[in-house]
Amino acid sequence: MGAGGLKNVPLAEKAEADVLKRVPYAKPAFTLGQIKKAIPPHCFQRSVLRSFSYVVYDLTISFILYFLATNYFQLLPHPLSYLAWPIYWAILGCVLTGVWVIAHECGHHAFSDYQWLDDTVGLVLHSCLLVPYFSWKYSHRRHHSNTASLDKDEVFVPKQKSSLQSFSKYLNNPLGRVLTLTITLILGWPLYLLFNVSGRSYERFACHYDPYGPIYNDRERLQIYISDIGVLAVAYGLFRLAAAKGLAWVFCVYGVPLMVVNGFLVLITYLQHTHPSLPHYDSSEWDWLRGALATVDRDYGILNKVFHNITDTHVAHHLFSTMPHYHAMEATKAIKPILGEYYQFDGTPFYKAMWREAKECIYVEPDEEDHTTKGVFWYRNKI
């Protein structure tokens, strides 16, 4: 088709075609050092006061919401309470997702210059959200070390067609996708922590709560115990609350917002690493820089700020994970000219993107017609 033919393509269709265009998979001409030089030096500086200000801000909003719900919702006319509680669940769940992100930064040593402070804050915040802080910290670190590797990545590792379950073809339809997405968003996070569902394949059973599991080495085992103690302490506190206030009270005040947090956590991670334009690599092709670039920035609207921009600065985060979130937007703007076509941004609304990716990204296979890139795998959906 000549250049004139492009005039007949609707703008929205052209935009979607550009978004879905495969990113380059060859080794880039630039280096990590060149990318870093493009970023203003102050973007790598961590401030204790500024980092804590986000913790205080998020927790203040959370406690205000809790106070309103537990003191005033019961005073509302009966029909309004049915509206107030879902609003509370949605807003608090989003705010607590921001708290989760701050604890995630602690795990990357991006909160302050003091490792002990980062680990203390991260342990407290994540434990309150029933997350085993050190357990996740170490598995997540290995995710960053092996991003987009089919052999060693730790989370949302796509399957090859030969590894699909026999029932997969029965889920490759709208009803099946609704069922799959619902289960993934509600149960995906606890199933990953407990049974390593969607995680890297190990020779034996892997669990984030098991200090002697294959995920961890001998130096890390003591901290896995500490993570378990943190989660158990919060779980015991919730048990005592349920005994005093009732299980329904704990579920409404804490349980449902936590489910919102878990759902967003799974969705954010899924959409960051699942996209028709992104390659995955086997051991014959993978290297760290290409793997780190095989991720996509997304647009969640106002939630970008609520989530401390983990959604729309994820490429920069994978390149420089110790950078605090409040400098990530500036860094992202600085690296775009260097990355060029290797930078991927998709502004599709996240709920539409979730459905599209569930439909288009079922398994990965190399291009059959290109025998020179057998180690480069792309998403496909024909079962």
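Preceding this paragraph is the structure being described.
This one's a predicted model, so the numbers in the text were calculated from it and none came from an experiment.

Thresholds, definitions, all that
Residues numbered from 1 in each chain as written. Predicted model: local features only at pLDDT ≥ 70, side-chain atom pairs only at ≥ 80, totals over all residues. Heavy atoms only, no water. Helix = DSSP H or I, 4+ residues; strand = E, 2+ residues; numbered from the N terminus. Expected span 1.5 Å × (residues − 1). Bend = angle between axes of the 7 residues up to and from the residue. Buried < 20%, exposed > 50% of the residue type's maximum accessible area, 1.4 Å probe, protein only. Contact = heavy atoms within 4.5 Å. Polar contact = N/O pair within 3.5 Å; in protein donor to acceptor, adjacent residues only side chain to side chain. 1 Å grid on protein atoms, 1.4 Å probe; cavity = no way out; pocket = protein on both sides within 12 Å on 5 of 7 lines; lining within 4 Å. Points joined across faces, edges and corners; volume = space filled by probe spheres on them. Nonpolar A, V, L, I, M, F, W, Y, C, P; charged D, E, K, R; others polar. Core = buried A, V, L, I, M, F, W, Y, C linked by side-chain atoms within 4.5 Å. Phe/Tyr/Trp six-rings, centres within 6.5 Å; stacked < 30°, edge-to-face > 60°.

> Which parts of the structure should I look at to understand helix H8 (residues 174-195)?
Think of an α-helix as 3.6 residues a turn; residues three or four steps apart then line up on the same face. The terminal C-alpha atoms of H8, which comprises 22 residues, lie only 27 Å apart, well short of the 32 Å expected from a rise of 1.5 Å per residue. Where H8 bends most, the angle comes to about 60°, and this point is leucine 187, followed within four residues by the proline proline 190. Of all the positions in H8, only Gly176, Arg177, Leu181, Gly188, Trp189, Tyr192 and Leu193 are classed as buried. Tucked into the core, H8 has its buried residues touching helix H4 (78-107), helix H6 (133-145), helix H7 (168-171), helix H10 (247-273) and helix H15 (350-360). Where H8 begins, the capping side chain belongs to asparagine 173, and its oxygen is found 3.2 Å from the backbone nitrogen of leucine 175.

> Please clarify how empty space enclosed by the protein should be interpreted in this entry.
If you roll a probe as big as a water molecule over the atoms, it shows you where there is empty space left. Overall, the coordinates contain three cavities of 30 Å³ or more when judged by the stated rule. Considered as a void within the structure, the largest cavity measures approximately 80 Å³ in volume. In terms of lining, the largest cavity is formed by His104, Glu105, His308, Asn309, Ile310, Thr313, Ala316, His317, Phe320, Met323, His325 and Ala328. Every element with two or more residues in the lining of the largest cavity is listed here: H4 and helix H13 (314-319). The class makeup of the residues in the lining of the largest cavity is five nonpolar, six polar and one charged.

> What exactly am I supposed to notice about the environment of aspartate 151 here?
Positionally, aspartate 151 belongs in the loop between H6 and H7. Separated by 49 residues in sequence, aspartate 151 and arginine 200 place their C-alpha atoms 7.5 Å apart.

> Would you mind showing me how to read the nonpolar core here?
Among the nonpolar cores identified, the biggest contains 55 residues, and Tyr88, Trp100, Trp189 and Phe307 are the most heavily contacted of them. For this core, the elements supplying multiple residues, two or more each, are helix H3 (48-72), H4, helix H5 (115-128), H6, H8, H10 and H15. The element contributing the most residues to this core is H4, with twelve residues. If near-sequence neighbours (up to four positions away) are discounted, tryptophan 189 is found in contact with Trp100, Val131, Trp136, Thr184, Asn262, Leu265 and Val266.

> Explain helix H14 (residues 328-339) here, please?
Across its twelve residues, H14 extends 15 Å between first and last C-alpha, which sits within 8% of the 16 Å expected from 1.5 Å per residue. Residues of H14 that are buried make contact with helix H2 (32-37), helix H11 (288-293), strand S2 (297-298) and H13. Residue glycine 340 follows H14 closely and has a positive phi angle near 60°.

> Can you walk me through the packing of aromatic side chains in this structure?
Each pair of aromatic rings is reported with the distance of its centres and the angle of its planes. Under the definition given, this model contains 24 aromatic pairs. Between the aromatic rings of tryptophan 100 and tryptophan 136, the centroid separation amounts to 5.1 Å while the plane-to-plane angle is 75°, which identifies the pairing as edge-to-face. Taken as a pair, tryptophan 100 in helix H4 and tryptophan 136 in helix H6 lie far apart in primary sequence, 36 residues in all. This pair shows no difference in class: tryptophan 100 is buried, exactly as tryptophan 136 is.

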